[in-house]
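Observations on chain architecture
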Amino acid sequence: MSEHSLIHWCVVMTRARPLPPAERRASLIAATRQLILDHGPEVTTRQVAEAAKVAEGTLFRVFPTRRDLIAATIADHLCPERLADIFAAAPTTTTVDETTEVCLSTAADYVTTFGRFIPRPHRGGDQDEIRFRIMELWEARVCDIA
């Protein structure tokens, strides 16, 4: 193998696998979700890019700002499908008492986990609009739980 071929092979082997836009978005949200759960909502775009195994520029092509990435991750966590998946993954029960306990503990875990996603407040900008949208989604999921 020539030196040029070896360099080309190394460059090709280190690039992220091309993904369709929806899959790339989902992979960035999944990486962000895990980082937030591990380290809190103040994760950096560099941390997310490293965790998702992409260049930071790739991240910014999908999410123009860090705030957009965090908001998309929170919205993803609050989507009805995620809540349905969480309850579907709950252990099977055989009695009304067990079912009640599993439902309540699952709902409590969901509420607790969501609290870890809330970004720390910052002054200025469109922060109030973001808070409002997050609270709307949150209230909708609380109604779903009820």
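The rules we used
Residues numbered from 1 in each chain as written. Predicted model: local features only at pLDDT ≥ 70, side-chain atom pairs only at ≥ 80, totals over all residues. Heavy atoms only, no water. pLDDT = per-residue confidence, 0-100. Helix = DSSP H or I, 4+ residues; strand = E, 2+ residues; numbered from the N terminus. Contact = heavy atoms within 4.5 Å. Axes fitted to C-alpha atoms, helices over the stretch in contact; angles between N-to-C directions. Left-handed = near helix turned anticlockwise from the far one by under 90°. Nonpolar A, V, L, I, M, F, W, Y, C, P; charged D, E, K, R; others polar. Parallel < 35°, antiparallel > 145°, perpendicular 65-115°, else oblique. Expected span 1.5 Å × (residues − 1). Buried < 20%, exposed > 50% of the residue type's maximum accessible area, 1.4 Å probe, protein only. Arc of directions from axis to C-beta. Salt bridge = Lys/Arg side-chain N within 4 Å of Asp/Glu carboxyl O.

Confidence along the protein averages 83 in pLDDT terms, with 82% of residues attaining 70 or more. Averaged pLDDT values for the elements of the protein fall to 50 in helix α1 (residues 3-14) and rise to 97 in helix α3 (residues 45-52). Across residues 8-13 the pLDDT falls below 50, and counting only partners more than four positions away or on other chains, this stretch makes zero contacts in the model.

Turning our eyes to something else, we now look at the packing of helix α2 (residues 21-39) against α3. Viewed as axis vectors pointing N to C, α2 and α3 meet at an angle of 115 degrees, and their least axial separation amounts to 9 Å. For the pair α2 and α3, the sense of crossing is right-handed. Mapping the contact onto sequence places S27, L28, A31, T32 and L35 in α2 and Q47, V48, A51 and A52 in α3. Partitioned by chemical class, the residues of the contact of α2 with α3 number six nonpolar, three polar and no charged.

Before going further, it helps to examine the packing of helix α6 (residues 80-88) against helix α7 (residues 96-115). Following both chains from N to C, one finds α6 and α7 inclined at 140 degrees, their axes separated by 10 Å at the closest point. Classed by the angle they form, the pair α6 and α7 counts as oblique. Considering only the axes of α6 and α7, their crossing is right-handed. Contacts from L83, I86 and F87 of α6 reach α7 at C103, T106, A107 and Y110. Split into classes, the residues belonging to the contact of α6 with α7 amount to six nonpolar, one polar and no charged.

Before going further, it helps to spend a moment on α2. When the terminal C-alpha atoms of α2 are compared, their 27 Å separation across 19 residues agrees well with the 27 Å that a helix rising 1.5 Å per residue should span. Buried-residue contacts for α2 involve α3, α4 (56-62), α5 (66-77), α6 and α7. A positive backbone phi angle near 95 degrees is found at G40, which sits one or two residues after α2.

Taken together, the buried positions of α3 are occupied by T45, V48, A49 and A52. Down the axis of α3, the sector holding all buried residues measures 100 degrees, keeping them to one side. Facing away from the buried surface of α3 by more than 90 degrees, the exposed residues are R46 and E50. Looking at the buried side of α3, the elements it contacts are α2, α4 and α5. Once α3 ends, the next one or two residues include K53, with phi positive near 60 degrees.

Once that is clear, we can look at the pattern of salt bridges. Counted under the stated rule, the structure contains four salt bridges. For R82, the salt bridge identified is with D76, shortest N-O distance 2.6 Å. R82 sits in the partly exposed class, given a relative accessible area of 24%. Residue D144 pairs with R141 through a salt bridge whose shortest N-O separation is 2.8 Å. Residue D144 and its partner R141 are located together in helix α8 (residues 127-145), separated by three residues, close to a single helical turn.

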